[in-house]
Each structure stands twice: as structure tokens, then as C-alpha cells.
2 protein chains.
Amino acid sequence: MAKVTATMRLQFTGPWPPQSSLERRSSCDSINSFLNVAGGPVLSLPHLEVSNSFPMPAYAMSRSFNRKGANVISPHSPASMILDLLDVYEDEYDGVIIDPECLPSSTNAFVANLRTSLSYWKLKGKKGVWLKILLEQAHLVPMAIKEGFNYHHAEPGYVMLTYWIPKEPCMLPANASHQVGVGGFVITEKSEVLVVKERKCPCRCSGIWKLPTGFIDKSEELFTGAIREVKEETGIETDFLEVIAFRHAHCVAFDKSDLLFFCMLKPLSFDITIDEAEIEDAKWMPLDEFLGQPYYQEDQMLKKAMELCVARYENRYSGFIAHQLISKFDGRLSYLYSTD
Amino acid sequence: MAKVTATMRLQFTGPWPPQSSLERRSSCDSINSFLNVAGGPVLSLPHLEVSNSFPMPAYAMSRSFNRKGANVISPHSPASMILDLLDVYEDEYDGVIIDPECLPSSTNAFVANLRTSLSYWKLKGKKGVWLKILLEQAHLVPMAIKEGFNYHHAEPGYVMLTYWIPKEPCMLPANASHQVGVGGFVITEKSEVLVVKERKCPCRCSGIWKLPTGFIDKSEELFTGAIREVKEETGIETDFLEVIAFRHAHCVAFDKSDLLFFCMLKPLSFDITIDEAEIEDAKWMPLDEFLGQPYYQEDQMLKKAMELCVARYENRYSGFIAHQLISKFDGRLSYLYSTD
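Basis of the calculations
Along each chain, residues carry numbers from 1 onward, in the same order as the chain's sequence is written. Written order determines the labels here, with chains lettered from A and ligands numbered from 1. The predicted nature of this model means local features are confined to residues of pLDDT at least 70 and side-chain atom pairs, given and counted, to a pLDDT of 80 or more, with totals for whole chains, interfaces and linings taken over all residues. Heavy atoms throughout the structure, all of them, feed into the side-chain values; hydrogens and water do not. Comment: elements are numbered from the N terminus, with helices defined as DSSP H or I runs of at least four residues and strands as E runs of at least two. Each residue is placed in one exposure class: buried if its accessible area under a 1.4 Å probe, protein chains only, is under 20% of its type's maximum, exposed if it is over 50%, and partly exposed if it falls in between. Contacts: residue pairs with any heavy atoms within 4.5 Å of one another. Areas reported as accessible are Shrake-Rupley estimates using a 1.4 Å probe. Residue values count occlusion only from the protein chains shown. Least squares is used to superpose the copies, and the fit set is the C-alpha atoms of residues whose pLDDT is at least 70 in both copies. Two strands are counted as paired when DSSP detects at least two bridges linking them. For helices, the fitted line uses only the C-alpha atoms of the stretch in contact; every axis is such a line through C-alpha atoms, and the angle between N-to-C directions lies from 0 to 180 degrees. Only centres within 6.5 Å qualify two rings of Phe, Tyr or Trp (six-membered ring in Trp) as a pair; their planes then separate them into stacked at under 30 degrees, edge-to-face at over 60, and tilted for everything else. The rule is short: NZ of Lys or CZ of Arg within 6 Å of the ring centre and within 35 degrees of the ring normal puts a charge over the ring. Note on terms: buried area is the combined drop in 1.4 Å-probe accessible area of two parts once they are placed together, counting the loss on both. The term salt bridge refers to a side-chain nitrogen of Lys or Arg lying within 4 Å of a carboxyl oxygen of Asp or Glu. Residue type decides the class: Asp, Glu, Lys and Arg count as charged, Ala, Val, Leu, Ile, Met, Phe, Trp, Tyr, Cys and Pro as nonpolar, and the leftover types, Gly among them, as polar. Think of a nonpolar core as a cluster: buried Ala, Val, Leu, Ile, Met, Phe, Trp, Tyr and Cys residues, connected wherever their side-chain atoms sit within 4.5 Å. In a helix, the anticipated span is given by 1.5 Å times the number of residues less one. We call two N or O atoms a polar contact when they sit within 3.5 Å, provided that within protein one can donate a hydrogen and the other can accept it, with sequence-adjacent residues counted only if both atoms are side-chain atoms.

Q: What exactly am I supposed to notice about the overall build of chain A here?
A: For chain A, the helix and strand inventory stands at 9 helices and 16 strands. Put simply, chain A has 340 residues, and 60% of those count as buried. Sequence separation of at least 24 residues holds for 63% of the intrachain contacts in chain A that already meet a minimum separation of 6. Entry remark: accessible area of chain A is about 13,300 Å², with carbon and sulfur atoms responsible for 51%.

This is the structure we're talking about:
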């Protein structure tokens, strides 16, 4: 299995690949400045397109790696022959990360540079190759696939392709595996639960009074997401108290897994204003009436979750509270959820 | 925010889009069988490529939607003009899901059919369009992007593109947002903790004795993942006891969020066999020595998590246990984690 351990992951402070922990191996230097640094003459040389099996000499390899569009003179080639390598970062796992901002826009140049670079990385013993292609560079996607790349993940605006060089099984970390949702159990001192009917619910819960629920936003805390969803759907302001329980299910949206956190919230306001685009109706419902709906009685999972919420309301149960703590590795605050 | 509520999600029993809840709207019928069903003559007609703004008549719309490559005769067109629509499923959110297995392989036909279909779906008041393109169809990706599609997500073997038709903000559900990891706290009756040193740890925990950790596999339970990781790294067999705590961090791998579950496990064997590819060393370490490492003392987050593990070991703390429960909606078992 592709694996990055928890403690390894703790160090990353920004987007993956972790730029902060990477050595920037090139900076779009021109061939002239490269050759000057190398002590050689300043030359103006044409490009050479090479095949995938091009045997790159050690000299070229050692000099070209940390250059953008590294135009490298081979000692076995006439001075008129030079090579283009793609601009990359290196990672600590013997991987290379191609810089999307420095990709050639010409399809031919891209293919040629990619082939040359792959040959070079193979000789260098590199393992994983990461190729991020922006939306506006989509014409390069079929070319990269033809050269043996596969999809790894995508987000609006880009697709990430990978290539695993070694003969051994691929060890690249997998894409995100889970969606995370929150449900808000909001109950008054008079045992009234905040419930909603969804406007467009195609499933079997249609017509049921249910808890406000939704996915958390990107980089949002669980408790923030629960408070926000309740506020968006019903207009009710709340404070977060505890994560009462969570459910882990598989093969849900996009064949991914799903974690749903049931959160106990304390109401701070009581006048309901529904989000009409999403919610058909919302109200404060007596607890007994809410739990008495056949929908809850007939579903083991929801019945148990609701019983725990009630137990917490009656101070017979403790869920997980949120602790904001700093971690040494990234120096950043994050939340640990536990009973104490 | 794009939103699918928890109860809605409960119904899905397979890969998303949920095939079980979708009406298969076409089945690669030929034009001849379609025209026969429609009571019309069996015709052999050439294709017509139409522009994005083609005003498709209601007749054509009503007849063509549930046909693959629906060659539809417009009442306003001569008999020689027919249209190709892409083969789709419908979803309950006024969305359409293009069948990747029925995409034309020719780029020209694909573009023509896509444009025709988009015009048609716009007239029908459709909202989101889902276009899954398989690895071997990569030549179609730039064409779809040119027509206004964007990346949604990708996995090895395919990329999913989307197109949001309405003028209002996009309501399509987002891609998976989280990685999920597990750490195994395995402790003997003699207060010895199972610890590992990772072979290739580029971060600040290098050289530290730490808990076995890793990502859970696709569709794997948390407790199964914790047991597997411990077994893989150290050869030790264990039973799962509790989720002691979990940490929620953001902007980790691929800019996604991360949930790390600290799990208490009971050892069932004691002879260590390390996974040499990943682990440099593993051993049973006295608890005091383990906790005394500066690495743990200087990290608020890990210190707290380890203190909770010790409290559980000393029966001063209760984490979440796993309940296997069936849900009415999908009729499937999943796990609810809670204190009771």
C-alpha cells in the first residue's frame, strides 16, 4: 500500500507536495547562465529531440538535473546537440515533481522533453514522477497518458498524473479517500429538537423530520461545520458541545468512504429562518415526537446515535470534546478530539 | 456549498453515481429499433453535426433522451438530418451522467454529440453534467475542456469532468476531502509499548521510536486498518479495543485534510518481525522510556494523545468503541463509534 506515516505527515505545512520540505532544484535559468556557472563558454545551441531509450551520459545527468529547460551538452555529442529536461522539484522519497508552470506549451516539445526526462530519471534511480497539468494545458494530457502516465487525482483547475518508474509495486500515496459530514443535534432546555425537512430529498427519508446535516467545507473544523450547517439551514445560532458519535461507511459518493460526525450543539437563538433553496421546512419538535418517527425506530444506526444524543442531554453520556493543540513539527494548531 | 445530506447518502449502496437509484435511460438501442418502437419507418440516416446553440425541438427532446446515440428526426429538419445525443443516466438532482462506455471514439463525433447534448440538456433544464473519461479515451479530455468542462476528480484509470449548466452557483458535491490514518498503541501487561523506527523518514521524527501508523486502505474499517498496520510493520497480532482520540489537521497531502485515529490495541503475540522495506527497527519499549523521549514531551498534540492512551491503559479513561449496526436505507452494515 502507498503509505505516508502519521508522523511524516505531521511535518507538512502546506499543499502537497510539501514545498517547504523540498529543495527547489531549478529556477528557470537560461542555458547561458548554466554554462557560465559550469565554467564553460556561453553558447547558443539548438534543441535535440531524443527517444525514450536515449542513453544519457553521466556528465549530462549530473549537470542538468537542477536546471529548467536544462540544455545539456553531451560529451559524446557534437556541440550542436543539446537536450531539454523538464523543470522539477525533488522529494525525499526519490520522487520528482514536474513544475506545471514551466511545461512547454508545444505538444512536440512537451513529449520530447518528457521522454528525455523519463530516461534521465530512470538512470538516476528515481521512483515516482508527479505531473500536474493545469486546465489550460489539457492538450498535454493525452500525450502524457501515451507516455505511460496514469491519473492520480484532480480538482477543478488541474489534473495530477503519476508515473512509477521501478519494477516493484507502486508506493505513491493514494488520493483522498473520505468525505466528511456533520449532523447537528440541537436541543432546548424544554426538550425540543431542531429538525428540518429537505426540499429535494430523493431518498427514503423524504418527508421525515431530520437533523440538519451537510459536508464540511475545505479545511473546515468539524465543530465549525456543524455550527455553519445549522445556521445555514435554519438560521439558528449554536455553540458546539461534543462529538457524540461517528459513523464510518464505504462506497458512498464517488465510491469513496464517508465519516459522519453527530455533534451536540447548544442553541443560542430560537427564531427559525430556513434556507428555502434547500429546506422545505424547519421547526422545534418535541423530543419524543422526533424519536417516535418510524424512520428512526426502524434504523439501528440512527436509533443508536439518537439515543446517545439523548443520553448526553440527560448527562448520562460523554462524547469527544475538541482540544486546540500545537504540534511541534509544523508549528500549527490543530484539533484533538477526546473524552477528556 | 455542494451538499448531499447524511440521510441522502445513506441510501447509496454502490459506486457514485448511485446506479441502484438511477433509472437506466438508455441501452445502446439502434436507431432502427428506436424508430420501430416509435411506430415510424426504419430509416438509414446520415448524422448531422450541430452547433452548441442548436434549438432542439420538443419532439426530438422527448424521444431522444432515453436512447444511446439517439438519432432523432427533427420535425423541422429534412429527413436526411438526424442528431446524435450522448448516452446518459439521469439523477434525482436534475443531473445527467454520461455513459463512458458509449462515448464515440472519434474526436469529431464526440465534440458534435457533446455540443448537441449540451444544447438539449440546457433546454430540458438540466443542471449538472458528469463526464467520466477512461484512461484509454484520454484524447477526448482536451475536447471536453474546450467545451467548458472542468476537472472534478480522478483515480487511476479515469478522470471525471463536470459541467454546471445553470447561471446560479454550482451545487455539485465536492470530491473526497480527507485522508484517514491510524496509529496503533499496543501495550503489554508489563507496560511495554510496541514502537518502530521508520527506515525512510525525512521529517523531524527521524530516529524517534514511534507508534506504528499508516493510512487505511480503500473501504477498510478503522480498527481493521490499525490491526493491519501493526501486523505489517512489526508482525505483532492484536485485537482492537478503542479509538482513544482523533486529530483533525488541514492542508496536508494534496492540500487535503487529514484525520488520524489513535487506536488502543491489545497484543496477541510478542515476537517481532519487521517489514524491512519500511521499518528500520521495532521493539517493546518500557512505557516511561517511550514517553520520556523529548519528541513526545515537546509536542502538545502527541503528548496529550499519549497521556490519554496511558489513562485508558490504567482504566482512567474511555474512548470510542465500534458498534456494527445495520442501516435501514441501504440495508448494509457499517460502524458507529461511541463511548457506550
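Q: What am I meant to see in the relation of the copies chain A and chain B here?
A: Note on the chain copies: they are related by a rotation about an axis and a translation along it. Of the transformation placing chain A onto chain B, the axial shift is 0.0 Å and the rotation is 180°, giving an RMSD of 0.0 Å. The operation mapping one copy onto its partner corresponds to a two-fold rotation axis. Mapped onto chain B, 100% of the interface residues of chain A are again interface residues, and the two copies thus contact each other with one and the same surface.

Q: Can you walk me through the sheet that holds strand E7 (residues 158-164) of chain B in this structure?
A: The strands making up a sheet associate through hydrogen bonds between their backbones, and the pairing can be parallel or antiparallel. Residues and elements named next belong to chain B. The 5 strands lie next to each other as E3-E4-E5-E7-E6, forming an open sheet whose pairing is mixed. Since the sheet does not close on itself, it has two edges, and those belong to strand E3 (88-90) and strand E6 (150-155), each with one partner. In this sheet, neighbouring strand axes are inclined to one another by 20° on average, regardless of whether the strands run parallel or antiparallel. Relative to strand E4 (residues 96-98), E3 runs antiparallel, the two sharing 3 bridges. The residue of E4 that forms the bridge with Glu 90 is Val 96.

Q: I'm lost on the packing of aromatic side chains in this one. Help?
A: Two numbers describe a pair of aromatic rings. These are the distance of the centres and the angle of the planes. This model, assessed by the stated rule, comprises 24 aromatic pairs over all chains. Taken together, a centroid distance of 5.8 Å and an interplanar angle of 40° make the contact between Phe270(A) and Trp284(A) tilted. Pair noted here: Phe270(A) is in the loop between strand E13 (257-267) and strand E14 (279-286) and Trp284(A) is in strand E14, with a separation of 14 residues, a long-range link. In this structure Phe270(A) comes out as partly exposed when scored by relative accessible area, which is 46%. Accessibility expressed as a relative area gives 17% for Trp284(A), which makes it buried. For the pair Phe223(B) and Phe240(B), a centre-to-centre distance of 5.7 Å together with 40° between the ring planes defines the contact as tilted. Of the two residues, Phe223(B) is situated in helix H6 (residues 222-234) and Phe240(B) in strand E11 (residues 238-249); the sequence distance between them amounts to 17 residues. Comparing Phe223(B) with Phe240(B), the two get one shared label, buried. Residue placement shows Lys132(A) over the ring face of Tyr158(A); its charged tip is 4.4 Å from the ring centre.

Q: Whenever I open this one, unusual backbone geometry confuses me. Can you help?
A: Trans peptide bonds make up most of the peptide bonds, and negative phi angles are found at most residues other than glycine. Residues and elements named next belong to chain B. At Cys 251, a position not held by glycine, the phi torsion is positive, near 55°. For Asn 315, which is not a glycine, the phi torsion comes out positive at approximately 60°. Take Asn 315: it is sitting in the loop between helix H9 (300-313) and strand E14 (321-326). Residue classification places Asn 315 among the exposed residues on the basis of a relative accessible area of 65%.

Q: Looking at this structure, I do not really get the interface of chain A and chain B. What am I missing?
A: By convention, interface size is frequently given as the accessible area that disappears when the constituent parts associate. Facing 118 residues of chain A, the contacting portion of chain B comprises 119 residues. For the pair chain A and chain B, the two sides together bury roughly 10,400 Å², of which 61% comes from carbon and sulfur. Applying the counting criterion to the chain A and chain B interface returns 4 salt bridges. Residues Lys256(A) and Glu155(B) are paired through a salt bridge, measuring 2.6 Å at the closest nitrogen-oxygen approach. At 7 residues, the largest contribution of residues to the side of chain A that touches chain B is made by strand E12 (residues 238-249) of chain A. Along the lines of polarity and charge, the residues of the side of chain A that touches chain B split into 60 nonpolar, 29 polar and 29 charged. Note: strand E16 (residues 333-338) of chain A against E11(B), 3 bridges, orientation antiparallel. From the neighbouring strand, Tyr335(A) faces E11(B), where its bridge partner is His248(B).

Q: Can you walk me through the nonpolar core in this structure?
A: Across soluble globular proteins, nonpolar side chains have a tendency to be buried as a group. Counting residues in each nonpolar core, the largest one holds 99 residues, and the members touching the most others are Phe185(A), Phe261(A), Phe290(A), Met306(A), Phe185(B) and Phe261(B). Met306(A) has contacts with Phe185(A), Leu211(A), Phe262(A), Phe290(A), Leu291(A) and Tyr296(A), leaving out every residue within four places of it along the chain. With 54 residues, the next largest nonpolar core counts Ile145(A), Tyr151(A), Leu114(B) and Ala138(B) among its residues.

Q: Where do I start with the pairing of E16(A) in this structure?
A: Each regular strand carries side chains that alternate between the two faces of the sheet. Residue and element names in this part refer to chain A. With 5 of 6 residues buried, E16 is to be regarded as a mostly interior element. With 6 bridges joining them, strand E15 (residues 321-326) and E16 adopt antiparallel strand pairing. Its bridge partner being in E16, His 323 is matched across the sheet by Leu 336.

Q: Explanation requested: the side chain of Arg312(A) in the structure shown.
A: For Arg312(A), the location among the structural elements is in helix H9 (residues 300-313). Ignoring any residue separated from it by four or fewer positions in sequence, one finds Arg312(A) in contact with Leu241(A), Glu242(A), Ile244(A), Met264(A) and Tyr317(A).

Q: Please explain helix H4 (residues 107-123) of chain B as it appears in this structure.
A: Because each turn of an α-helix spans 3.6 residues, side chains separated by three or four positions in sequence point in the same direction. Residues and elements named next belong to chain B. Counted at 1.5 Å a residue, the expected span for H4 with its 17 residues is 24 Å, and the 24 Å between its end C-alpha atoms agrees. Along H4, the residues classified as buried are Phe 110, Val 111, Ala 112, Asn 113, Leu 114, Thr 116, Ser 117, Leu 118, Ser 119, Tyr 120 and Trp 121. For H4, the side-chain oxygen to backbone nitrogen distance between the N-cap and Asn 108 is 3.3 Å, and the N-cap itself is Ser 106. Looking at the residues trailing H4, positive phi occurs at Gly 125, about 75°.

Q: What should I look at first to understand H6(B) in this one?
A: Residues and elements named next belong to chain B. In a regular helix each residue adds 1.5 Å, so 13 residues correspond to 18 Å; H6 covers 18 Å between its end C-alpha atoms and thus fits that length. Those residues of H6 not exposed but buried are Leu 222, Phe 223, Gly 225, Ala 226, Arg 228, Glu 229, Val 230, Glu 233 and Thr 234. Just past H6, the residue Gly 235 takes up positive phi, approximately 80°.

Q: Help me understand the side chain of Glu90(B), please; the structure alone is not making it clear to me.
A: Residue and element names in this part refer to chain B. Examined against the element boundaries, Glu 90 turns out to sit in strand E3. A residue is classified by how much of its surface remains accessible, and Glu 90, at 16% relative accessible area, is buried. A distance of 3.0 Å separates the side chain of Glu 90 from the side chain of Lys 126, its partner in a polar contact.

Note that every value here comes from positions in space, so none of it alone points to a role or purpose.
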